[in-house]
Every structure is written in C-alpha cells, then in structure tokens.
Amino acid sequence: MQSDFEDLLRAAEDHYLQNTDINGFKQQVDALQDRLALYEVLRDQELEIFQAVADQLQKETFPNPQADLDKVLTHWISMLRYSAMAMLRNQPEILEHQLGWLADVVGDDAFSALNQKLSEQLQQALDSVLTEDQMTLIQSFLQQADT
C-alpha cells in the first residue's frame, strides 16, 4: 500500500500526474477507505466477535483444560489483529512475518482440534458481523493466518 502511494507521489514531484495515474490513485484511495472501514469494524466489534466464539466453544467438549482454551483464544485474537493490520496495509507478507513466532506456540498437536473449532466459530462470527464485501477483503488474510 505505502509504496504504491509513494511511487505516485514521487512521480508527481517533477510533473503532473496523467489521467491514468490519477485514476489509479483514486482507486487506491477508495480501496484504502474500504479497508479502513473494515479495520474499524473489526476493532470496534472485537469483543462481541470473540465473546460469541468463546460462548460457542464453552458448549463444546475438549480434552484441553480451560487454560488452553484461554491461551488459544488469546492467540486467535492476536491473529485477527495481525490479519486486520496486514489487510489494512494490503501487505500479506507482514502477516506472515508477524505470525512466524505464533506458529510454534499454537502449532502443537494438543491444540489442533481446539484451533480447528475456533477457526470455524470465528468464521461464523465474522459472517454475522461483516458484509460480503468486507469478508472478501479479510478472507485471504484469515486463511493465511489459519494455516
């Protein structure tokens, strides 16, 4: 995101942008506005989203102790936040870098069923809060985080 804007702004330093450049710039600004609106929804609705997920998980039976559930839930909150920031910046490589350390923590086989169920519940909670267009914007980042 940032480099696209910077490239256009640098080009405009020594000459006016051509119509095609201006149209590209407008498209980037519009896309940024959409991503920012989604980011704000995720930020503002985070508690409600994860409360719904936690409530559903409480109904399930897992061999893991409550501390494991809390740990995995906390990690998924981090993953959603990281995904939201990568989506806002439109830079999936940032998400990959940020989640590198987390893979070792939640990649344990003891957490696999819990992670799978949490991922499914998070998807359902997001589907109920976000529009279809917003889900499209965040979906690839969530899939990247899920793997």
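In what follows, the accompanying structure is described. (Residues numbered from 1 in each chain as written. Predicted model: local features only at pLDDT ≥ 70, side-chain atom pairs only at ≥ 80, totals over all residues. Heavy atoms only, no water.)

Observations regarding the nonpolar core
Consideration 1: Ranked by size, the top nonpolar core spans 30 residues in total, and within it Leu42, Leu126 and Ile138 carry the most contacts.
Consideration 2: Among the elements of the structure, α2 (19-59), α3 (66-89), α4 (92-106), α5 (112-129) and α6 (132-146) are those that each provide at least two residues to this core.
Consideration 3: Broken down by element, the residue count for this core peaks at nine residues, all from α3.
Consideration 4: Excluding residues within four positions of it along the chain, Ile138 makes contact with Leu38, Leu42, Ser83, Ala84, Met87 and Leu130. (Core = buried A, V, L, I, M, F, W, Y, C linked by side-chain atoms within 4.5 Å. Buried < 20%, exposed > 50% of the residue type's maximum accessible area, 1.4 Å probe, protein only. Helix = DSSP H or I, 4+ residues; strand = E, 2+ residues; numbered from the N terminus. Contact = heavy atoms within 4.5 Å.)

Regarding the pattern of salt bridges
Two side chains carrying opposite charge are able to pair once their charged atoms lie near each other.
Consideration 1: Summed over the entire model, instances satisfying the criterion amount to four salt bridges.
Consideration 2: We note a salt bridge from Arg81 to Glu46, for which the minimum N-O separation is 2.7 Å. Placement of the pair is Arg81 in helix α3 and Glu46 in helix α2, with a sequence separation of 35 residues.
Consideration 3: Salt-bridge contacts for Glu120 lead to Lys117; the nearest nitrogen and oxygen are separated by 3.9 Å. With a gap of three residues between them, Glu120 and Lys117 both fall in helix α5, about one helical turn apart.
Consideration 4: Here the residues in one salt-bridge network are Glu60, Lys117 and Glu120, joined through shared partners. (Salt bridge = Lys/Arg side-chain N within 4 Å of Asp/Glu carboxyl O.)

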